[in-house]
Amino acid sequence: MQKDQTSNAPGSNHIQPFTPRINCICCIGAGYVGGPTCAVIALKCPEIQVLIVDKNQDRINAWNGETLPIYEPGLDEIVKHCRGRNLFFSTDIDAGIRDAQLIFISVNTPTKTYGIGKGRATDLQFVEAAARHIGQIATGKKIIVEKSTVPVKAAESIAKILYSNIDDNVSFEVLSNPEFLAEGTAINDLLQPDRVLIGGSQTDPGIEAINQLAWVYEHWVPPSKVLRTNVWSSELSKLASNAFLAQKVSSINAVSAICEATGADISDVAHSIGLDKRIGSKYLQASIGFGGSCFQKDVLSLTYICEALNLTEVADYWHQVVVMNNYQKKRFARKIIQCLFHTVSNKRIAIFGFTFKKDTADTRESSSIYVGKYLMDEEARLVVYDPKADKGQIISDLREVSSQDPQRVDRLVSVINDPYDAAKDAHAIVICTEWDEFKALDYEKIYNSMYKPAYIFDGRIILDHAALLRIGFHVEVVGKVMKKPVNDLTPF
Ligand SMILES: NC(=O)c1ccc[n+]([C@@H]2O[C@H](COP(=O)([O-])OP(=O)(O)OC[C@H]3O[C@@H](n4cnc5c(N)ncnc54)[C@H](O)[C@@H]3O)[C@@H](O)[C@H]2O)c1
């Protein structure tokens, strides 16, 4: 983009005030992205009123209450600092749309569960509903920012919807501004982003809109990190980023299977791979697979787009990332069953961790759900402990994957709020989430309360395996071939 297009940014040498300068922002969607993102904007831009609106009354009540609807380190302090000052949460979506000059659409974009593209395409019904709502209510000049992750060219559809129902006094400029935050580190990611990406049209009003949004971010983000592209590059960059990250996880997990078959050690292999600067060490932790609301959905969306564009080989390539991820979860569950003498029927198995990663309460697409499902398929009794996940959510997630027999969850699953109680009388502990507190538990005490032989399956490679072996545990770890415990007298 041309240099003059950034000339109004706060960090630029040629600051020219915009007319009118943005003083009110609305965000439609008070979820994991809309809430933290706009709370940080409110914190860093005290002169801007930030209205976060949602159709979900319970969620808004929670944002206005003592216990926020999502757990994210650092979020509570920011919300409590800004709420009532320049940060407001409401279900009055009309008022938000009316008052704001800039509106983020930050609604959910799940994978379609019906019709054409079922199981792969992105379901855009919530984005469309938000755009229609804006089209009905808005007056004057508005900048509409697509914050949700969407397929390439979705902004074009949003613009068509917005313009389908308006009079001459209204005008819109649609931007793409995908969010790259990761749950668990969202506040830090927002305060110190690797980059902020803004895609817009290369017309004068488009460039002005890009500059307006850049001006908001440049209250705290260095201008060199605010990238400007066309809308399609911006939309595709988000999907491609998540596909690359997911691919890295699936690649190291594929290598972990080779390690288990050969005696190589995944920690050593990952360390040596990661020292190569071209590869880098992040996202090279072997595990029971990625979860969360984004990776799988975005890779599937990319796959579907490739299919629609007749790029069959490209679609197949990306789809394999998801295939590998599913394989890893199943492989781990099979290993548990095989180690527990090929039957887990009626055996008590303690599941440590249910969220898809540590430092979040989010269980969406968590690997624990699928490991739990495979074990329930074999009639294991599951006792789940997680420091943050909601008990009702755990049960409902497991019910969802037990659609043929939802009653079996009542029969086989209990959720307990103490890890020692969960492990008592268990045949095995299965580490599904890398919560730090699992490293600090008293495993001697746990061992003494368990059935023998007592097994630990470390699906996140976080425990001190040598210490566990000394205690007497049978230890199984993703990507490693473990020794027998010190007190094991079996001849094979
Ligand atoms: N969760 C993440 O880590 C993450 C990271 C980057 C990008 N994203 C993307 O951001 C988007 C939002 O994700 P999320 O995790 O915040 O979703 P979420 O489900 O937590 O929140 C979405 C919210 O939008 C609300 N909503 C839906 N339609 C609405 C409408 N028409 N009017 C008002 N409110 C409406 C819902 O009630 C819900 O509270 C998705 O596209 C996702 O792919 C998510």
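Computed from a predicted structure; not experimentally measured. (Residues numbered from 1 in each chain as written. Predicted model: local features only at pLDDT ≥ 70, side-chain atom pairs only at ≥ 80, totals over all residues. Heavy atoms only, no water.)

Glancing now at a nonpolar patch on the surface. Residues Leu309, Leu311 and Val314 make up a contiguous nonpolar surface patch of about 250 Å² in total accessible area. Residue placement: Leu311 occurs in the loop between helix H11 (295-308) and helix H12 (312-339). (Patch = residues over 30% accessible without salt bridge, like charges linked within 9 Å, V, L, I, M, F, W, Y side chains within 5 Å. Areas by Shrake-Rupley, 256 points an atom, 1.4 Å probe, with all protein chains shown as cover. Salt bridge = Lys/Arg side-chain N within 4 Å of Asp/Glu carboxyl O. Helix = DSSP H or I, 4+ residues; strand = E, 2+ residues; numbered from the N terminus.)

On to the UniProt feature "domain: UDP-glucose/GDP-mannose dehydrogenase C-terminal" (unreviewed entry) in the protein. The UniProt record marks residues 350-465 with the feature "domain: UDP-glucose/GDP-mannose dehydrogenase C-terminal" (unreviewed entry), using the residue numbering of this structure. Strand forms 16% of residues 350-465 and helix 34%; the C-alpha atoms that close the span are 18 Å apart. (UniProt positions renumbered as here; feature names shortened; annotations may be inferred.)

A word on the packing of H11 against H12. Put simply, H11 and H12 touch, their axes get as near as 8 Å, and they point 150 degrees apart. Relative to H12, the element H11 lies roughly antiparallel. As H11 runs across H12, the sense of the crossing is left-handed. In contact with Gln296, Val299, Leu300, Leu302, Thr303, Cys306 and Glu307 of H11, H12 contributes Val314, Ala315, Trp318, His319, Val321, Val322, Asn326 and Lys329. For the contact of H11 with H12, the class distribution of residues is nine nonpolar, four polar and two charged. (Axes fitted to C-alpha atoms, helices over the stretch in contact; angles between N-to-C directions. Parallel < 35°, antiparallel > 145°, perpendicular 65-115°, else oblique. Left-handed = near helix turned anticlockwise from the far one by under 90°. Contact = heavy atoms within 4.5 Å. Nonpolar A, V, L, I, M, F, W, Y, C, P; charged D, E, K, R; others polar.)

Right, let's get into the side chain of Lys335. The residue Lys335 is located in helix H12 in this model. Taking the relative accessible area as the measure of exposure, Lys335 reaches 17% and is therefore buried. Filtering out sequence-adjacent residues up to four positions away, Lys335 remains in contact with Glu260, Phe457, Glu476, Val477 and Lys480. (Buried < 20%, exposed > 50% of the residue type's maximum accessible area, 1.4 Å probe, protein only.)

Of all residues adjacent to the ligand, which total 26 residues, the nearest are Asp54, Arg59, Thr109, Glu183 and Lys297. Between the ligand and Glu183, the relevant distance is 2.8 Å, taken from a nitrogen atom to a side-chain nitrogen or oxygen of the residue. Here the ligand, which alone exposes 840 Å², has 93% of that area covered by the protein. Composition of the shell around the ligand by domain shows at least three residues from each of domain 1 (3-229) and domain 2 (232-492). (Near = heavy atom within 4 Å. Polar contact = N/O pair within 3.5 Å; in protein donor to acceptor, adjacent residues only side chain to side chain. Domains from an automatic or database assignment.)

Quick look at unusual backbone geometry now. Cis geometry is found at the peptide bond from Lys452 to Pro453, where omega equals -5 degrees. With respect to the element layout, Pro453 can be found in the loop between helix H17 (443-449) and strand E13 (455-458). The phi dihedral of Asn310 falls on the positive side, at around 65 degrees, and the residue is not glycine. Exposure remark for Asn310: the relative accessible area of 65% places this residue in the exposed category. Despite not being glycine, His342 shows a phi value in the positive range, around 65 degrees. Of note, His342 is situated in the loop between H12 and strand E9 (348-352). By relative accessible area, His342 is classed as exposed at 61%.

A few words now on the domain arrangement of the protein. Here the protein is described as being made up of domain 1 (3-229) and domain 2 (232-492). Relative to domain 2, the C-alpha centre of domain 1 lies at a distance of 34 Å. Facing the 35 residues of domain 1 at the interface are 26 residues of domain 2. Here domain 1 packs against domain 2, burying approximately 2400 Å² in sum over the two surfaces, 56% of which is carbon and sulfur. When the buried area of domain 1 at its contact with domain 2 is split by residue, Tyr71, Arg120 and Glu183 rank highest and sum to 29% of it. Linking domain 1 with domain 2 are two salt bridges, by the criterion used here. Two residues, Arg364 and Glu183, come together in a salt bridge whose shortest N-O distance is 3.4 Å. At the boundary of domain 1 with domain 2, the tally comes to 14 residue pairs in polar contact (both at pLDDT 80 or more). Elements with a contribution of two residues or more to the side of domain 1 that touches domain 2: helix H6 (154-163) and strand E7 (196-199). Taken together, the residues of the side of domain 1 that touches domain 2 break down into 16 nonpolar, eleven polar and eight charged. (Buried area = accessible area lost by both parts, 1.4 Å probe.)

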